[in-house]
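Letter by letter, the chains look like this.
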Number of protein chains: 2
Amino acid sequence: MTTDTPTQQTVEWLTAEQQVHWRSFRGGAARLFAALEHELEQQTGLSTHEYEVLVRLSETPDRTLRMAQLADNLAHSRSRLTHTIRRMEEQGLVSRLPCVEDARGVNCTMTEKGWQTLVAAAPSHVQSVRDHLVDVLTPAQFAALGDAMETVRLHLTGGACHVE
Amino acid sequence: MTTDTPTQQTVEWLTAEQQVHWRSFRGGAARLFAALEHELEQQTGLSTHEYEVLVRLSETPDRTLRMAQLADNLAHSRSRLTHTIRRMEEQGLVSRLPCVEDARGVNCTMTEKGWQTLVAAAPSHVQSVRDHLVDVLTPAQFAALGDAMETVRLHLTGGACHVE
DNA sequence: GGAGTGTAGTACAACTTTGAACTAACAGTT
DNA sequence: AACTGTTAGTTCAAAGTTGTACTACACTCC
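Residues numbered from 1 in each chain as written. Chains lettered and ligands numbered in written order. Predicted model: local features only at pLDDT ≥ 70, side-chain atom pairs only at ≥ 80, totals over all residues. Heavy atoms only, no water.

Chain A has the name HTH marR-type domain-containing protein in an unreviewed UniProt entry, where Cellulomonas terrae is given as its organism.

Another point: the protein's contact with DNA strand D. Looking at DNA strand D, there are 20 residues lining it, with A:Ser79, A:Arg87, B:Ala68, B:Thr82 and B:Arg96 nearest. Of what DNA strand D places within 4 Å of the protein, 71% of the atoms are sugar or phosphate. Note that a phosphate oxygen of DNA strand D is positioned 2.8 Å from one of the side-chain N or O atoms of B:Thr82. Within the contact set of DNA strand D, a phosphate oxygen lies 2.7 Å away from a side-chain nitrogen or oxygen of B:Arg96. The set of elements that each furnish at least two residues to the surface near DNA strand D consists of α4 (78-90) of chain A together with α3 (67-74) and α4 (78-90) of chain B. (Near = heavy atom within 4 Å. Polar contact = N/O pair within 3.5 Å; in protein donor to acceptor, adjacent residues only side chain to side chain. Helix = DSSP H or I, 4+ residues; strand = E, 2+ residues; numbered from the N terminus.)

What follows is about the protein's contact with DNA strand C. Looking at DNA strand C, there are 20 residues lining it, with A:Ala68, A:Arg96, B:Ser79, B:Arg87 and B:Ala103 nearest. In this structure, A:Thr82 approaches DNA strand C through a side-chain N or O atom, which is 3.0 Å from a phosphate oxygen. Contact distances for DNA strand C include 2.8 Å between a phosphate oxygen and a side-chain N or O atom of B:Arg87. Only α3 (67-74) and α4 of chain A together with α4 of chain B provide two or more residues apiece to the surface near DNA strand C.

Here helix α6 (residues 139-156) of chain A spans 26 Å end to end across 18 residues, near enough to the 26 Å set by a 1.5 Å rise per residue. Those residues of α6(A) that fall on the buried side of the exposure criterion are A:Phe142, A:Leu145, A:Gly146, A:Ala148, A:Met149, A:Val152 and A:Arg153. Each buried residue of α6(A) sits inside an arc of 170 degrees when the element is viewed along its axis, so together they form one side. Away from its buried face by more than 90 degrees, α6(A) exposes A:Pro139 and A:Ala140. Looking at the buried side of α6(A), the elements it contacts are α1 (16-44) of chain A together with α1 (16-44), α5 (112-132) and α6 (139-156) of chain B. A positive phi of about 65 degrees marks A:Gly158, the residue just after α6(A). (Expected span 1.5 Å × (residues − 1). Buried < 20%, exposed > 50% of the residue type's maximum accessible area, 1.4 Å probe, protein only. Arc of directions from axis to C-beta. Contact = heavy atoms within 4.5 Å.)

For the rest of this paragraph, the subject is the packing of aromatic side chains. Following the criterion strictly, the structure yields four aromatic pairs over all chains and no others. Each residue in the set A:Trp22, A:Phe25 and B:Phe33 is aromatic and connected to the rest through ring pairs, giving one cluster. Positioned over the ring face of A:Trp115 is A:Arg63, at 3.8 Å from the centre of the ring. (Phe/Tyr/Trp six-rings, centres within 6.5 Å; stacked < 30°, edge-to-face > 60°. Lys NZ or Arg CZ within 6 Å of the ring centre and 35° of its normal.)

A word on the sheet that holds strand β1 (residues 64-66) of chain B. Residue and element names in this part refer to chain B. Strands sit in the order β1-β3-β2 across an open sheet of three strands; the sheet is antiparallel. Single-partner strands in this sheet number two, and they are β1 and β2 (94-98). Pairs of neighbouring strands in the sheet enclose a mean axial angle of 30 degrees, with direction left out of account. Strand direction decides the pairing type here: β2 and strand β3 (residues 106-110), joined by five bridges, are antiparallel. Bridged to Pro98 within β3 is Val106. Docked against the sheet, α4 engages β2 and β3, running at close to 115 degrees with respect to β2. (Pairing = 2+ DSSP bridges. Axes fitted to C-alpha atoms, helices over the stretch in contact; angles between N-to-C directions.)

With that settled, the discussion passes to the relation of the copies chain B and chain A. If you rotate chain B by 180 degrees and push it 0.0 Å along the axis, it lands on chain A with an RMSD of 0.0 Å. Such values leave the two copies arranged in the relation of a two-fold axis. Every residue of chain B has its C-alpha some distance from the rotation axis, and the shortest such distance is that of B:Leu145, at 2.9 Å. In this assembly, 100% of the residues forming the interface of chain B have copies in chain A that are likewise at the interface, indicating an isologous arrangement. (Least-squares fit on C-alpha atoms with pLDDT ≥ 70 in both.)

This part covers the interface of chain B and chain A. Contacts between the two partners involve 64 residues from chain B, matched on the other side by 64 residues from chain A. Interface area, chain B with chain A, both sides summed: about 6,300 Å², of which 70% is carbon and sulfur. Between B:Glu59 and A:Arg23 there is a salt bridge; the shortest N-O distance is 2.3 Å. Connecting chain B to chain A are 10 residue pairs in polar contact (both at pLDDT 80 or more). Every element with two or more residues in the side of chain B that touches chain A is listed here: α1, α2 (48-58), α3, α5 and α6 of chain B. Counting residues per element, the side of chain B that touches chain A draws most heavily on α1(B), which supplies 15 residues. The class makeup of the residues in the side of chain B that touches chain A is 32 nonpolar, 18 polar and 14 charged. (Buried area = accessible area lost by both parts, 1.4 Å probe. Salt bridge = Lys/Arg side-chain N within 4 Å of Asp/Glu carboxyl O. Nonpolar A, V, L, I, M, F, W, Y, C, P; charged D, E, K, R; others polar.)

Another aspect to go through is the nonpolar core. Formed by 36 residues in total, the largest nonpolar core has its most connected members in A:Phe25 and B:Phe25. Breaking this core down by element, the ones donating at least two residues are α1, α5 (112-132) and α6 of chain A together with α1, α5 and α6 of chain B. Contact partners of B:Phe25, with chain neighbours within four places excluded, come to A:Phe25, A:Ala29, A:Leu32, A:Phe33, A:Leu133, A:Leu145, A:Met149 and B:Met149. (Core = buried A, V, L, I, M, F, W, Y, C linked by side-chain atoms within 4.5 Å.)

Encoded structure:
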């Protein structure tokens, strides 16, 4: 959009250059995530959300996380996570158990099938990430991308939530 | 996930450093887009998709685009765009007219109300983008981000679709 | 030990997105 | 003109997502 709105008070518009960068970012990210989603779905039947759930669980000592931790890590709403985990439970990838320390809580554990599914899916997903992102950029570019987005993330989460 | 899969053939895993960058990127981008979506929704009632539709239309001489062009620009599926435009038409933001040159086609035009809606929404959205992205980074960082994602985008679209 | 407040997770209903199937129209061939 | 293949856009049903409301438990502090 290019317009002069003379009555605007304090908004500082983006420069033409900034607009170009912003669009590249938005468009590139959207297409990248869509491509990764599609390839993972085709090759393994998993959505990237399900894949990420498995990854998080796989990184804990007992392959278990509380629902809320999982939701925070993934930046998903509680409601959305409940649905995702229910579906994954139906597929036998995870199982839910009441939490002993806090009777309100629910522990979500990765099953052996979930683990096998992740091990089977990881190579092709990693390859996709390489193909469309990592290997397309120079190492310095990729590092700069990561650093910049880490700054953005920290700013958004108020410095908390170092996990994701 | 950290595992050694001895039987894997040719997959090159990400280094620890690359994994960190990849997660920062994924997590930062997800949170950023979610935040922008929320703020735009709260402040104007528009979704970012609807906003983007209006932006694209506003940039053409006659505030009109074919459905397919719109879908390509936004990297949305045809089906999704049909739904979005139907909803926007119900709100009076756009209108659809059969295309004269190609009787299969449909021209989507921005109404005056659509234009006014965009003009009213733009300042706060621009401010959000500044607050959470542009002003959080150094100009060099932001430019590098844009350049990197442009490279990613071009790679994904095979160099075509310069518009987005 | 009971009231009030906050947190964990689920259920529900409305809405959005997806992918496949479908209709209509163009374009090239013979 | 009929035949084939392609493109434009919509429709349909299934699946996913959202926000709110709800239940259950925990924490505090009087």
